Amino acid sequence: METARKSFITGTMFKSSMIDALKKFSPAYMVKNPVMFVVEIGFMFVLLLTLFPNIFGNEVGEHDRLYNAIVAVILFVTILFANFAESIAEGRGKAQVQTLKKTKTVTQARVLLSDGSEILKQAHELKKGDIVLVQAGEVIPNDGEVRDGIATVDESAITGESAPVVKERGGDFSSVTGGTTVTSDWLMIEITSMPGESFLDKMITLIEGASRKKTPNEVALNTLLVSLTIIFLLVVVTLYPMTTYLNVPISIATLIALTVCLIPTTIGGLLSAIGIAGMDRVTQFNVIAMSGRAVEACGDVDTLILDKTGTITYGNRMAAEFLPVKGVESKDLIQVAWLSSLTDDTPEGKSILSLACELGVNTDDEENIIKSSEHIPFTAQTRMSGLDMKDGTKIRKGAYDTIKKESMNAGHGIPTNMEQLIQQVSSVGGTPLVVALNDKILGVIYLKDVVKAGLKDRFDQLRAMGIKTIMCTGDNPLTAAAIAKEAGVDSFIAESKPEDKIQVIKDEQAQGKVVAMTGDGTNDAPALAQANVGLAMNSGTNAAKEAANMVDLDSNPTKIIEVVEIGKQLLMTRGALTTFSIANDIAKYFAIIPAMLMVAVPEMSALNIMNLNSPTSAIISALIFNAVIIPLLIPIAMKGVKYKPMSAAKLLNKNLLVYGVGGIIAPFIGIKLIDLLVGPLFHTFGL
Amino acid sequence: MWQIAIVLIIYLPIVILTGHYLFRVTMQQKTWLDPIMDRFDAVIYKLSGIKQVDMTGKQYVLSLILSNAFMVFIGYILLRIQAMLFLNPNNIDNMEATLSFNTIISFMTNTNLQHYSGESGLSYLSQMLIIIFMMFTSAATGYAACMAFCRRLVAKTDTIGNFFIDFVRVITRVLMPLSIVVAIILVSQGSPQTLSANQTVQTIEGKVQDIALGPVASLESIKHIGTNGGGFNGANSTTPFENPTVISNIVEMLSMMLLPGACVVAFSLMVAHRKEKTIFGKQGLSIFVAMSVLFLVGLVTVYVAERAGNPIISELGISQELGSMEGKEMRFGVAQSALFTTVTTAFTTGSVNNMHDTLTPLGGLIPMFNMMLNVVFGGKGVGLMNMMMYVLLTIFIACLMIGRTPQFLGKKIEEKEMKLIALCILIHPAIILLFSALAVTTTAGVAGITNPGAHGLSQVLYEFASASANNGSGFEGLADNSTFWNVTTGLAMFFGRYLTIIIQLAIASLLAKKMFHSDSVGTLKTDNTIFTFLLVAIVLMIGALTFLPALALGPITEHLQLYLHSA
């Protein structure tokens, strides 16, 4: 979002947006935005009146001609500002599409035929099911699944993340995306999407399409704006015969000025920019939304379903405490635990080392021991790891039942408070790892699921917003409950299977809730499809990505919370600026109506509460305010209104005060200031 | 002032009681009238072959339109041949074609705009068979539409309720019993209820005068209960026979305020009773308060403006101590007149106990404005429906401001609904402004205007506001029995009534069919003070901003000229 702010001030951006804004004056384009189209028609009318003063038969003086010219210029600028806002918003997306298109430059792919021979094919001719071979330095031609080989792949073209990822057959790392580059070794890939339907293609059309396709809520709001425009057109059109009947002379330019001031040009001019910028904020966040509808649905989310591992906790468990059994010194346990993990490369092992070091273990001989000892790796059969030292000392850590067996076999027996320690660790949601020296049990390492920092506050905020959080985990209920309590989620599902997730979603939806979830595995796909908002991880399988309506390129499941906020912010920006736009009308009325009628009904000056210089100055000032407010609000339209999580009632109060009351007061001040500037000027011109 | 306070204090408890009763009638729950009325209903259902099956929204609207069309057809023929029929002791002639067109639409749409004078234009048979009959049926039509609308907002299905059953039940359970009670009170106050011919008497001054008689009390009761407003006599409730005393005046005001307010209570109970039993229900209360705020602001304005009197008349040395008494009845004074004026236009009844034409400019602006808004309680159930359009609009904007897609009572407001809501809000100003513009540009239209300048424009605006809002009161002074005025106001009444009802029921049907979404702390509360405040603001913004230029040319110019001239 920082970059968004910077970039719409840059010179090149400004220039190209301006040119684009001028191109948008084409009536064929303007007609899509009825509010601004009305302004354009008004502009053309006044322009005609300026160029051919007698076109409608009335005798017009030089002063009127100057007045008409000024009105025409302001109307032109009003439209220009609105178009400019849209162009700026589109500009950002365009730049992104260009970079993406560059990655689509693969022209040829090596297709392996069933007889083992190899032929070269154009990338766009690849069909679903084709097997291609991609070697180091080559670009993957289309989305697919790895059939054979292991290789590192640079996905920075899509994710922006420069560190290469390992891809191999099977598991959650088997899917590859077209447009990414193999940086080492080779991969044999089965193509899974049709030409033109790859993830990259979708991304491009989505980002391009963001500026074209209106979201459902945007269409509904547009309907409201159009009807307001029609109402005010009616007001002005019917005003003319009434004034004629009463012999109150009003010029056509003034009537057009009144129309333009009353119709909601502010929001009408910024509406499409708000939508584009909102989608863009999601993209900036490295999340690809498959449709604007999905982003809007985010604003409505009532229930968030979150996986425990990776989302709520860090993926790995960390050593939290060393618990010696009765009769063993804590120091000894730590020393042995440290030894046991010296050659252990797993995150758990590393966490044991750092905790041991923290507690002051003797690390003098480290290099030597590693060199001289034999590493015993963890296997599914033995379910323990450790090392055999040169002097024959056997050091092991592992699951309780295996170590227990070893200990019994060696005739050491089980320490008296062993079971109690295991129980103690399990009850707080931890995993016990038992440490043994020469098959004699010394104690337990308490491995803890570490809840990500700051999550508890986030969940509190979500609760304040009325969003319920549900944690899904394969852990047993005891462990799950402990983690749930620590993370501060509202409820949890323990020992959950993928099918359970769908059931939870369905249950919530039956109660009329809007559900969001994140997922990555193939077995998450049905749940992702069932949820109202499904955020798939880019690292996940293609099936999951297909089923979801959003994909997070950074594969950070916690992001769903931010996406929800962006969705809300998008809707809020529309609401706030609509309110502001409508509230503005009051001041404009007080400027224009007395000014318009003062010539015929001098008593009307009593309603000139802003004490504006002259009728002409009053009308022009209102019109200038109406134009200038658009570029002034572009930053809000782009960045979205400020949003802090709070309850609906508080949020409404706050936004009403800022954009409602503010919308009533601001134009009174603005019009008065403009009048102070232009009033004397008009006086010298004799207007 | 205390007279006004007393009426409002009496109003509150009876509107809540009636609301509960109306709720029971609407939801087909047991009422104390059932033992008697069930038999009546059974006979009616049997005679007319009404099947008690639930209707879809479409069927409901169709039944409503067709039955109304049938009544219009019969009524029109009766008006055209009334001279040849019986019960015509005063030998009234047949009614002219465009006037008949105007009159029949006027009464079928519950407008009761009268381009004729009852005592010289209608036979007793027409008064009873058309006017009183339609006063019942048009009111019942409006309440039935409102019931269908409210039920669909709270229900989860579109197939609910039967138009004919609602229609019959409203008449037998609500309108009839209340009318009988009110008619008896009015008779006790001195209203005539007779079928004998007008009497020619010699007055104390020695001159000869025709005294118009007839079944006045019975018409008068349903005229107010059903927020109809069409008088037996041309001068409506200013005449001593229609409105003899201060007590009858209060009874008539309470009668017209009763059911529109009770509709809001009944709707509120329908919303609240999904969860718990309450006296009022918060949802309806927030709407009721919004309506009350608009009502009270209007009332105070009229009262203050009339109380202040006319500065030009003061200058002439005529005392304005009693306020501006021009066109008012001495037995009512400024307070009772100001209240009656506000009530009859806010609750869109259209009966008058003083001449609105002679109200001070600001005093005349308020009744006009009430009808232009058409949501300050409004008449015969449709007032609530009109207000609900603004409620939905307010929700749309407010929901966006809290970052939610708009939702009311668990149903999402999307593009289709928004289109219809916008159309619905558009119709009313379109009718008033377009016809007014037409009237001041055509010679036929201008011919009817009897006042110069701004007040002339006020006459025109008032007439079309009254027609489109289905109010029916006249600014008077307008020479409105001409082809132009009969036809244009006839069309205004017709479109103002039926287009709106059709669209509103369509919106309710759309919402009824939608998926239900539950509420949480994150959803918009539509039943608290801030929402009420926002609702009033939106009504004023859209309503006031639409009519402000026209009002500025009419009453506001008049007011400024009146005061600044004398200063």
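The structure contained in this document is the topic of the report that follows.

What counts, and at which threshold
- Residues numbered from 1 in each chain as written.
- Chains lettered and ligands numbered in written order.
- Predicted model: local features only at pLDDT ≥ 70, side-chain atom pairs only at ≥ 80, totals over all residues.
- Heavy atoms only, no water.
- Helix = DSSP H or I, 4+ residues; strand = E, 2+ residues; numbered from the N terminus.
- Rg over C-alpha atoms; globule rule 2.2 N^0.38 Å.
- Buried < 20%, exposed > 50% of the residue type's maximum accessible area, 1.4 Å probe, protein only.
- Contact = heavy atoms within 4.5 Å.
- Areas by Shrake-Rupley, 256 points an atom, 1.4 Å probe, with all protein chains shown as cover.
- Lys, Arg positive; Asp, Glu negative; His and termini not counted.
- Charge placed at Lys NZ, Arg CZ, Asp CG, Glu CD.
- Expected span 1.5 Å × (residues − 1).
- Arc of directions from axis to C-beta.
- Salt bridge = Lys/Arg side-chain N within 4 Å of Asp/Glu carboxyl O.
- Pairing = 2+ DSSP bridges.
- Axes fitted to C-alpha atoms, helices over the stretch in contact; angles between N-to-C directions.

1. A short note on the overall build of chain A
Then, number 1: Check the secondary structure of chain A and you find 24 helices and 22 strands.
Then, number 2: Against the compact-globule benchmark of 26 Å for 687 residues, chain A has a radius of gyration of 34 Å, which places it well outside the compact range.
Then, number 3: Taking the principal axes of the C-alpha coordinates as reference, chain A spans close to 115 × 65 × 50 Å.
Then, number 4: Buried residues in chain A amount to 55% of all 687 residues.
Then, number 5: For chain A, the share of sequence-separated contacts (at least 6 apart) that also reach a separation of at least 24 residues comes to 69%.
Then, number 6: If you sum the accessible surface of chain A, you get close to 28,400 Å²; carbon and sulfur atoms cover 59% of it.
Then, number 7: A gap of 4 Å separates the mean positions of the 61 positive and 71 negative side-chain charges of chain A.

2. Thoughts on the overall build of chain B
Then, number 1: Assigned secondary structure in chain B consists of 19 helices and four strands.
Then, number 2: Compactness check: chain B gives a C-alpha radius of gyration of 23 Å against a globular reference of 24 Å for 567 residues, within 12% of the reference.
Then, number 3: Dimensions of chain B, computed from the C-alpha atoms along their principal axes, are close to 75 × 60 × 45 Å.
Then, number 4: Of the roughly 19,700 Å² of accessible surface on chain B, 69% is carried by carbon and sulfur atoms.
Then, number 5: Between the mean site of the 31 positive side-chain charges and the mean site of the 30 negative ones, chain B shows a separation of 17 Å.

3. Here we look at helix α2 (residues 34–48) of chain B
All names here are of chain B.
Then, number 1: Taking 1.5 Å as the rise per residue, α2 with 15 residues should run 21 Å; its terminal C-alpha atoms sit 20 Å apart, in good agreement.
Then, number 2: Buried residues of α2: Asp34, Met37, Asp41 and Tyr45, and no others. Considered in projection along α2, the buried side chains sweep an arc of 80° and stay on one side of the axis. Those residues of α2 that are exposed and angled more than 90 degrees off the buried face are Pro35, Arg39, Lys46 and Leu47.
Then, number 3: On the buried face of α2, the contacting elements are α7 (163–189).

4. Some remarks on the pattern of salt bridges
Then, number 1: Tallied over the full model, the rule gives 32 salt bridges over all chains.
Then, number 2: A salt bridge links lysine 559 of chain A to aspartate 552 of chain A, with the shortest nitrogen-to-oxygen separation between them at 2.7 Å. Taken as a pair, lysine 559 of chain A and aspartate 552 of chain A share a single burial class, namely buried.
Then, number 3: Two residues, aspartate 585 of chain A and lysine 588 of chain A, come together in a salt bridge whose shortest N-O distance is 3.9 Å. Placement of the pair is aspartate 585 of chain A and lysine 588 of chain A together in helix α22 (residues 560–597), with a separation of three residues, close to one helical turn. Judged on exposure class, the residue aspartate 585 of chain A and its partner lysine 588 of chain A are both buried.
Then, number 4: One connected set of salt bridges, linked through shared partners, spans Asp34, Asp38, Asp41 and Arg173 of chain B.

5. Considering the sheet that holds strand β19 (residues 491–493) of chain A
All names here are of chain A.
Then, number 1: Pairing is mixed in the open sheet, where seven strands are placed in the order β10-β22-β21-β20-β11-β18-β19. Sheet topology places β10 (287–289) and β19 at the edges, where each strand pairs with a single neighbour. Here the average twist between neighbouring strands, direction ignored, is 20°.
Then, number 2: In this structure, strand β11 (residues 303–307) lies alongside strand β20 (residues 515–519), joined through three bridges in parallel fashion. The residue bridging leucine 304 from the neighbouring strand is alanine 516, located in β20.
Then, number 3: In this fold helix α19 (residues 498–510) packs onto β11, β18 (468–472), β19 and β20, with an angle of close to 165° to the strand it touches most, β20.

These figures capture arrangement, not role.
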